[in-house]
Every structure is written in structure tokens, then in C-alpha cells.
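# Examination of the molecular architecture
If you want the building blocks of each chain, they are given just below.
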Amino acid sequence: MKYQAVPLGELCSVSTGMPATRARAVVDDVPPRHVRMLQPRALHRGRIIDDELSDDAVYRVKDEFFMREGDVVLKLATPYDCALIDAAHAGVLATSFAVIARKKENAPIDMGYLALFLGSRQGNQKLASLSRGGALSMLTRRAIAEFPVVLPPLETQEHLARLSEALRARCDEYRTLVALDEELLDSLFVKTVWGE
């Protein structure tokens, strides 16, 4: 290996999200707080899918369970999707199917690079080797905290993170264009064939 590997727990605090049933449990004399809650299907290919977030009333939930800009969220079950949290998704409640990695002060890691590292094919293979269980293999918070993260120089991490974000933005644009093309074809087909 060309660069040093450091356990993730030395770079970031690693905490499991809050169980959704506990967050939704009604507490007498506590007014509900309406929040967006992260569901497993909302985390896909390095992105948070807004349409898959649920709107829920929660009661007594500590602030640490709400994701912050710059956090990385990772699913505990396959596929081990993860995402870098942007400003638009800060404040979303992470539930217990995921862990939140929050950068420690002065840690030599770019969080965009961490999301790329964990979400890579190689990262997923290494995560899979740490999972436990039968039919549904799961990662533990401890295994993730001990997971070795390869650390190239910070400038290299930042460069890789920018390239990754540019690629994801391009993929988003292509998905939008394909959806528009499908809509146009459907409209043309209906008008041509059915006369509507």
C-alpha cells in the first residue's frame, strides 16, 4: 500500500442513527417536532434521494442524530451506500440502519474523499468482509470505527473528492436529460398513435 491507513474512528466520531420507533414514541408534555427522516431507500449511489425521505413527527431526539453538512452517512447493510451530507440535507434525522461519520477537529481527512473511499467498489468489498450475520449481513459501529482508511496527502484527497462530485453532478444531469427524452418520446408516441 502506497499510503498510511488510519482507523476511521481516529479521524471521525462514528455513531449509529436513532431507532425510528424510539424517535416517533410519543412523550407526554413534549410537542412533536416535524422532521425529514432518512430511510434506507433514500440513500442511493452516493446521493440522498429527496423523494424517499419521510416526513415524521418525533419527540425526544438528541441533536447528534441529525446530520450536519460535511458528515458522511453509511448504510449498515448491503449495498453499503454512503453520501456526503450537503447543506440541503443538514438536519435530516439519521435512523439506526446507518452510521454518521463526523470529522474530528484537525483530522487529516477530506470528508468528500471519505465518502468516495467508502463508496468505492474496493471499499464496499472491504466493508463486506467485516459484516456479520446470516441472511442479512450487517456492519457494526465498532467495525466501522476500526475500518482502515487509506490517507493520501490532503491535496490529493481534495482533488479526488472534487472529481467525484463533478462526476456525480454530470450523472444527475444525464438522468434529468434521459427523463426529459422519455417524456418527449411518450408525448410524441401518444400524439402520433392515439391522436391525443
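Below is a summary of the structure that appears in this document. (Residues numbered from 1 in each chain as written. Predicted model: local features only at pLDDT ≥ 70, side-chain atom pairs only at ≥ 80, totals over all residues. Heavy atoms only, no water.)

### Some points on the sheet that holds strand S2 (residues 12-16)
Paired through their backbone hydrogen bonds, the strands of a sheet run either parallel or antiparallel. Taking strand neighbours across the sheet as the criterion, the 4 strands line up as S2-S9-S7-S8 in an open arrangement whose pairing is antiparallel. Strands with a single pairing partner mark the edges of an open sheet, and in this sheet they are S2 and strand S8 (82-84). Between one strand and the next, the sheet's axes are offset by a mean angle of 20 degrees, whatever the strand orientation. Its contacts with the sheet put helix H3 (residues 111-119) on S2, strand S7 (72-75), S8 and strand S9 (98-103), and the angle it makes with S8 is roughly 165 degrees. (Pairing = 2+ DSSP bridges. Helix = DSSP H or I, 4+ residues; strand = E, 2+ residues; numbered from the N terminus. Axes fitted to C-alpha atoms, helices over the stretch in contact; angles between N-to-C directions. Contact = heavy atoms within 4.5 Å.)

### Here's the deal with the nonpolar core
Core analysis: the largest hydrophobic core is formed by 28 residues, its most contacted members being Ile109, Leu114 and Val149. Taken together, the elements giving at least two residues each to this core come down to helix H1 (8-11), S2, S7, S9, H3, helix H5 (141-146) and strand S10 (148-150). Here the element with the most residues in this core is H3; it accounts for 6 residues. Among residues more than four places away in sequence, those in contact with leucine 114 are Leu8, Cys12, Val72, Ala101, Ile109 and Val149. Ile85, Val92, Phe97 and Ala98 belong to the second largest nonpolar core, which has 14 residues in total. (Core = buried A, V, L, I, M, F, W, Y, C linked by side-chain atoms within 4.5 Å. Buried < 20%, exposed > 50% of the residue type's maximum accessible area, 1.4 Å probe, protein only.)

### Focus on unusual backbone geometry
Where the residue is not glycine, phi is negative for most of them; where a peptide bond is considered, it is trans in most cases. Between threonine 78 and the following residue, proline 79, the backbone shows a cis peptide bond with an omega angle of -10 degrees. Turning to its location among the elements, proline 79 is positioned in the loop between S7 and S8. In the Ramachandran plot, arginine 45 falls in the positive-phi region, its phi being about 50 degrees despite a non-glycine side chain.

### Brief notes about the layout of surface pockets
Here the idea is plain: a probe the size of a water molecule rolls over the atoms and shows the empty space left. Considering only enclosed or pocket space, the largest pocket measures out at about 320 Å³ in volume. What lines the largest pocket is a set of 18 residues, and nearest its centre among them are Gly46, Arg47, Leu84, Glu165 and Arg168. Of all elements in the fold, only strand S5 (47-48), S8, H3 and helix H6 (154-194) reach the threshold of two or more residues within the lining of the largest pocket. Examining the composition of the lining of the largest pocket, we find that 5 residues originate from one element, H6, more than from any other. When its residues are assigned to classes, the lining of the largest pocket shows 8 nonpolar, 4 polar and 6 charged. (1 Å grid on protein atoms, 1.4 Å probe; cavity = no way out; pocket = protein on both sides within 12 Å on 5 of 7 lines; lining within 4 Å. Points joined across faces, edges and corners; volume = space filled by probe spheres on them. Nonpolar A, V, L, I, M, F, W, Y, C, P; charged D, E, K, R; others polar.)

Note that every value here comes from positions in space, so none of it alone points to a role or purpose.
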